[in-house]
Structure formats: C-alpha cells, structure tokens
Amino acid sequence: MKLGVFLPNGQNGYIISNSAPQYEPSFDHCLEITQEAERLGLDFILSMIKYRGFGGTTGYWDGCLDSIALACGLAAKTSEIEVFATLPILAMHPAVAARQLATFDEIANGRGGVNLVTGWNKPEYADMGLWPGDDYYDRRYDYASEYVEIMRAMWRDGRVTYDGEFFKLNDATCYPSSGRELPIITAGQSPRGQMYTAHHSDYNFVFADRELLPKIAQPVIDLSREIGREVGTMAVYTIIADETDEKARARMEDLVENADHEALKNIMGSASLDPQTGGTSEHFINGLTAPPEVGNLTFMSFPVLHGSYETVAEKIVSIERDYNIPGMLMTFVDWVPDIKIFGEKVLPLVREKFAALQSV
C-alpha cells in the first residue's frame, strides 16, 4: 500500500479547532513537509485548492496556496516522491489545464498526477462568477466526463477536436506532449460519483470509516472492471499517534472539545445546498455528530486513526489487510513534528507488519 501526505496548503490544514496549531499556508512549510516525506520514503504528496474559506475564529481555509503552482515548486525541489496537484474544473478550461499539467509533469520528470474537483461548494465559485447554475449539482459529472476526455486526448495526442455539450474545440493543441496521461484521482462517494470515477479516474479518493469504506470502494472497483479498467482506492485518514493510547485519545478529544463551531456551521451551510445524496456534502453533514473514528467534522470528516505508535501502525496495516486498498493519504495535527515522529516511531512498525503480510 502506498502511503502519502495530504499537504496543509489551506490555512490550518484539516483540523477545525482552536486547539490545533494556527498558521497561514506557506511554500516553505509545504516544502519542509514534502522533503521530510521523501526522506522517509513515503510515496506521494497531494495538495488541495480552496478559493473561499469557512472563516470562524480560526479563519479556516481563508488562505490557500494555488495547488498547481505549488506542485510545480515542490516537484522542482524533489526527485523521487510523486506529486499530485488539485484541479478545480469550474475554474479552468480543460485545454488550459491540460497544458499547465503537462508542464508540471515535465518539471516533475513524470512524477505528476492530478486530483480533479468537480465543485460541490457553490459559494466558493459563485463569488467569482463561475457557478454555472444550480442544475450543475445534477450535471457536474457529465461536465467532468467531457473535461477528462479532452485532457487525456491532449496529453496523449497533443491536439484534439471535440464537439460536446459543454466544450467545443477545433484542433486545439498541447505541445510539447510526452504522450503520458497523468494519473487522476477523484472523490467519487455518491452513486453518480462512483460511476464517473470508474470510467474516468485511476484512484477513488475516499474518506470513510471501516464500515463505510468497502461500501464506497467496492462498487467503483467492480464497475471499473466491468469496463476493462482498474481503479484503486485512495483512503484519507488523520493520524494522531503518541506514546500511549490514552495520550493520543486525550489529544484527539481536546481538538473536538475546542472545535471552531462557527467554521463548522459555515461548512454545513455550504454542504446543505447540495441536493445529491451519499456524496461528500452529505458526509460533511453527518460528520457534525459522528465520532472521530468515523469522521467527525472537526477533522474535515476524515476518520481518525489514533493511539500509541504500535496501535496506529496496526490500524494502518489492518486497513491494507482487510480491504486491500492501494493507497492511504494521511493528515496530521502539528505537521512537521508529527511526521518526524511518525517516521521514527510508527513507519518502521508499519513496514515490518507489511513485510509479514506479504510473506504469508
């Protein structure tokens, strides 16, 4: 199983709490995290994008570094780790995006990948005049399908003529083209999103606890195989590891107890506008009252793997053992110190346990 880091290039990362470290995002911070991840032999990093934050007492996500520009800088400063940028498809034409990502991948020497965001958060785009109307909630995967078809064609062939419902291109070009189609990640949690992901993505970005994980992951795996594709699962978790189970739990509970309720309310307000069921927005709404292990909204609804170093290592390996997922994306609380502790105390145990699994 590949292990990666979900970079905190949005203000305060992925913890919506007054007890969490407070910071504005910076290139130097993201670079330090990325280089430490590469030094530890982790497999990939992924950055996000948000054009409008959720405020509150913490100013949650009010600041955010551009993901593609950031990925280019990180790629130029690393040599082995895979680098994934996030592309918000409502903010950029696919022909422009294809060229930017092809350039990014050249900088990365073929280590580039992209996470596509179809756009569930209406206020984020409406304020820029980019929201196409509320019917987009129901049509966003049709829009995204055309978008991906155009990008893949431009990466593969260097030029494309396309006559679709949303996009019309007449011999649009993307040179130089390496012919490499960048791996694509999509968060396909709803039934419609799962169908889209099965047809157009390489990985399904999932945040779900142990009970929900197979219910989201397996349909995409089955659907993709029916059409001759292989789509893996990329599950995201918050890691809270400490010397003992009790210390880790206390740290987690303190974050929940001091959650930024104003920011949580603003997230709920945006999520409630989305009429789709079973998707990311509904998961956020359910996360307001969910236990941290399931995906409390304080942790952006990412399930928390908490405990002693041994406990966290076992939980990571058990996800690989029980569900055979190809990738895990990790977030942390106090990023650089926590990743260094993870590398020193948890990762060696994970690798020992993975090796034991493979020898069985």
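Everything here concerns the structure above.
Note that the structure is predicted; figures quoted are calculated from it, not measured.

Visitor: Can you walk me through unusual backbone geometry in this structure?
Guide: Note: most residues except glycine have negative phi, and most peptide bonds are trans. With an omega of 0 degrees, the peptide bond running from Y175 to P176 counts as cis. Structurally, P176 can be placed in the loop between β6 (168-173) and β7 (184-186). Notably, S301 is not glycine yet its phi reads approximately 65 degrees, a positive angle. Classification of S301 as buried rests on a relative accessible area of 0%.

Visitor: It is not clear to me how the packing of aromatic side chains should be interpreted in this structure. Could you clarify?
Guide: Both the distance between ring centres and the angle between the ring planes are used here to describe each pair of aromatic rings. This structure, assessed with the given rule, holds 22 aromatic pairs. Centroid distance Y143 to F166: 5.3 Å. Interplanar angle 70 degrees. Geometry classified as edge-to-face. Here Y143 is found in helix α5 (residues 136-157), whereas its partner F166 is found in the loop between β5 (159-163) and β6, with 23 residues between them in sequence. Taking 5.3 Å as the distance between ring centres and 70 degrees as the angle between the ring planes, the aromatic pair formed by F207 and F302 counts as edge-to-face. Of this pair, F207 sits in the loop between β8 (203-206) and α7 (213-226) while F302 is found in the loop between α10 (280-287) and β10 (304-308), placing the two residues 95 residues apart along the sequence. Relative accessible area serves as the criterion here: at 4%, F207 is assigned to the buried category.

Visitor: I tried to follow the pattern of salt bridges on my own but got confused; where do I start?
Guide: Any two side chains of opposite charge can pair, so long as their charged atoms come close to each other. Taken as a whole and assessed by the stated rule, the structure comprises 28 salt bridges. In this structure, the salt-bridge partner of K247 is E243, at a minimum N-O distance of 2.7 Å. Judged by relative accessible area, K247 falls into the partly exposed class, the value being 41%. Several salt bridges converge on common partners, so that one network encompasses R152, R156, D157, E181, D202 and R229.

Visitor: Is there a simple way to think about the nonpolar core in this case?
Guide: Nonpolar side chains tend to gather and get buried jointly when the protein is soluble and globular. Counting residues in hydrophobic clusters, the biggest one holds 110 residues, and the most contacted among them are V5, L87, F104 and I316. At 12 residues, the largest contribution of residues to this core is made by α5. Setting aside anything within four residues of it in sequence, one finds I316 in contact with M1, L3, I239, L305, M328, F342, V350 and F354. One finds I240, A248, L255 and V304 within the second-largest nonpolar core, a separate group that totals nine residues.

Visitor: How should I be thinking about the environment of T233 in this particular structure?
Guide: Secondary-structure assignment places T233 in strand β9 (residues 232-242). When the C-alpha positions of T233 and M328 are compared, they lie 8.2 Å apart, and in sequence the two are 95 residues distant. Leave out the neighbours within four places in its chain, and T233 touches N204, V206, L213, A217, I221, I325, P326 and G327.

Visitor: Would you explain helix α3 (residues 94-107) in this entry?
Guide: Within an α-helix, residues lying three or four positions from one another point in the same direction, as the helix has 3.6 residues per turn. Between its first and last C-alpha atoms α3 spans 20 Å; for 14 residues at 1.5 Å apiece the expected length is 20 Å, and the two agree. Burial in α3 covers these residues: P94, A95, A97, A98, L101, A102, F104 and D105. Against the buried residues of α3 lie α2 (67-76), β3 (82-88), β4 (112-117), α5 and β6. Immediately beyond the C-terminal end of α3, within one or two residues, lies N109, with a positive phi of roughly 55 degrees.

Visitor: When you look at the state of the cysteines in this model, what are you seeing that I'm missing?
Guide: Structurally, a disulfide amounts to a covalent bond that connects the sulfur atoms of two cysteines. Here the structure, examined in full by the defined rule, presents zero disulfides. With no disulfide of its own, C30 has C64 as its nearest cysteine by sulfur position, at a separation of 8.9 Å. On the accessibility criterion, C30 (0% relative accessible area) is buried.

Visitor: Explain the side chain of N296 to me, please; I cannot follow it from the model alone.
Guide: Note that N296 resides in the loop between α10 and β10. Among the polar contacts listed, one links the side chain of N296 to the backbone oxygen of A290, at a separation of 2.7 Å.

Visitor: Can you walk me through the side chain of T86 in this structure?
Guide: Looking at where T86 falls in the secondary structure, it is placed in strand β3. A polar atom in the side chain of T86 sits 3.0 Å from the side chain of N115.

Basis of the calculations
- Residues numbered from 1 in each chain as written.
- Predicted model: local features only at pLDDT ≥ 70, side-chain atom pairs only at ≥ 80, totals over all residues.
- Heavy atoms only, no water.
- Helix = DSSP H or I, 4+ residues; strand = E, 2+ residues; numbered from the N terminus.
- Buried < 20%, exposed > 50% of the residue type's maximum accessible area, 1.4 Å probe, protein only.
- Phe/Tyr/Trp six-rings, centres within 6.5 Å; stacked < 30°, edge-to-face > 60°.
- Salt bridge = Lys/Arg side-chain N within 4 Å of Asp/Glu carboxyl O.
- Core = buried A, V, L, I, M, F, W, Y, C linked by side-chain atoms within 4.5 Å.
- Contact = heavy atoms within 4.5 Å.
- Expected span 1.5 Å × (residues − 1).
- Disulfide = S-S within 2.5 Å.
- Polar contact = N/O pair within 3.5 Å; in protein donor to acceptor, adjacent residues only side chain to side chain.

In short, shape yes, function no, at least from these values alone.
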